[in-house]
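Structural description and commentary
Here is how the chains run, residue by residue.
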Amino acid sequence: MKRAIFPGSFDPITNGHYDIIKRGISLFDEVIVAIGINADKKYMFSLEDRKRFIEEAFKDEPKVKVITYEGLTIDLCRKLDADFILRGLRNPADFEFEKAIAHTNRRLSKIETVFLLTAAKTSYISSSIVRDVIRNKGDYTVLVPDSVRI
């Protein structure tokens, strides 16, 4: 079974994340969306809300599982027998950051990182932009799946 981990904080899941997961489904037998827990980070949405947003967005897709985790992503991959990490790239800055992480993961394990370029229509969206729109009472609904309602 080709299993991929798609790690992130998903605070909240965006249409960009949604697109990468949907496209990942066609490449892998299973995509595990893994919500990382970072005690030092301040989140807008609770872990339970973030998990629910993703589960609801993919409730009719059996190839998508949603979990939470702490620690290194490569350790999670080993634990879940996943040979791939799935990541989305929006721009050159994402590439440089993700490349360093992918090289480190490859050095520490045999886990391959698979990069998908974001769709042009979602490449400008980030969770931090969505949070800023929400904080300023803008229409965030055009940036996120329908499951993200506050």
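Residues numbered from 1 in each chain as written. Predicted model: local features only at pLDDT ≥ 70, side-chain atom pairs only at ≥ 80, totals over all residues. Heavy atoms only, no water.

Looking at the overall build of the protein chain
Looking only at helices and strands, the protein chain has 5 helices and 5 strands in total. Starting at the N terminus, the α and β elements of the protein chain follow one another as β-α-β-α-β-α-β-α-β-α. Taking 2.2 N^0.38 as the reference for a compact globule, 150 residues should give roughly 15 Å; the C-alpha atoms of the protein chain span a radius of gyration of 15 Å, in line with that estimate. Judged by the C-alpha coordinates and their principal axes, the protein chain covers about 45 × 35 × 30 Å. Looking at the 150 residues of the protein chain, the share that counts as buried comes to 44%. Here the contacts in the protein chain between residues at least 6 apart in sequence split such that 76% fall between residues at least 24 apart. Roughly 8400 Å² of accessible area belongs to the protein chain as shown, and the carbon and sulfur atoms make up 53% of that amount. Charged side chains of the protein chain number 25 positive and 22 negative; the gap between the two group centres comes to 2 Å. (Helix = DSSP H or I, 4+ residues; strand = E, 2+ residues; numbered from the N terminus. Rg over C-alpha atoms; globule rule 2.2 N^0.38 Å. Buried < 20%, exposed > 50% of the residue type's maximum accessible area, 1.4 Å probe, protein only. Contact = heavy atoms within 4.5 Å. Areas by Shrake-Rupley, 256 points an atom, 1.4 Å probe, with all protein chains shown as cover. Lys, Arg positive; Asp, Glu negative; His and termini not counted. Charge placed at Lys NZ, Arg CZ, Asp CG, Glu CD.)

A look at the nonpolar core
Among the nonpolar cores identified, the biggest contains 26 residues, and I21, I54 and L86 are the most heavily contacted of them. Elements with a contribution of two residues or more to this core: β1 (3-8), α1 (15-27), β2 (30-36), α2 (47-57), β3 (64-69) and α5 (127-135). Discounting residues that sit within four places of it in the chain, I21 has contacts with F6, I13, V31, V33, F58 and V64. Membership of the second largest hydrophobic core comes to 10 residues, among which are A34, I74, C77 and I85. (Core = buried A, V, L, I, M, F, W, Y, C linked by side-chain atoms within 4.5 Å.)

Quick notes on α1
The end-to-end C-alpha distance of α1 is 19 Å, a good match for the 18 Å that 13 residues give at a rise of 1.5 Å each. The inward-facing, buried residues of α1 contact β1, β2, β3, β4 (84-89), β5 (112-117) and α5. Backbone nitrogen of G16 and a side-chain oxygen of the N-cap are separated by 3.1 Å at the start of α1; the cap is T14. (Expected span 1.5 Å × (residues − 1). Polar contact = N/O pair within 3.5 Å; in protein donor to acceptor, adjacent residues only side chain to side chain.)

A look at the environment of V64
As for its placement among the helices and strands, V64 is situated in strand β3. The class of V64 is buried, set by a relative accessible area of 10%.

Re the sheet that holds β4
The sheet built from 5 strands is open, its strands ordered β3-β2-β1-β4-β5 with parallel pairing. Of all the strands in the sheet, just β3 and β5 have a single pairing partner and so form its edges. Across this sheet, the average inter-strand angle for adjacent strands is 30 degrees, counted without regard to direction. Both β1 and β4 contribute to a ladder of 2 bridges, which runs parallel. Bridge assignment links I5 to a residue of β4, and that residue is I85. Running at roughly 170 degrees to β4, helix α4 (residues 92-108) makes contact with β4 and β5 of the sheet. (Pairing = 2+ DSSP bridges. Axes fitted to C-alpha atoms, helices over the stretch in contact; angles between N-to-C directions.)

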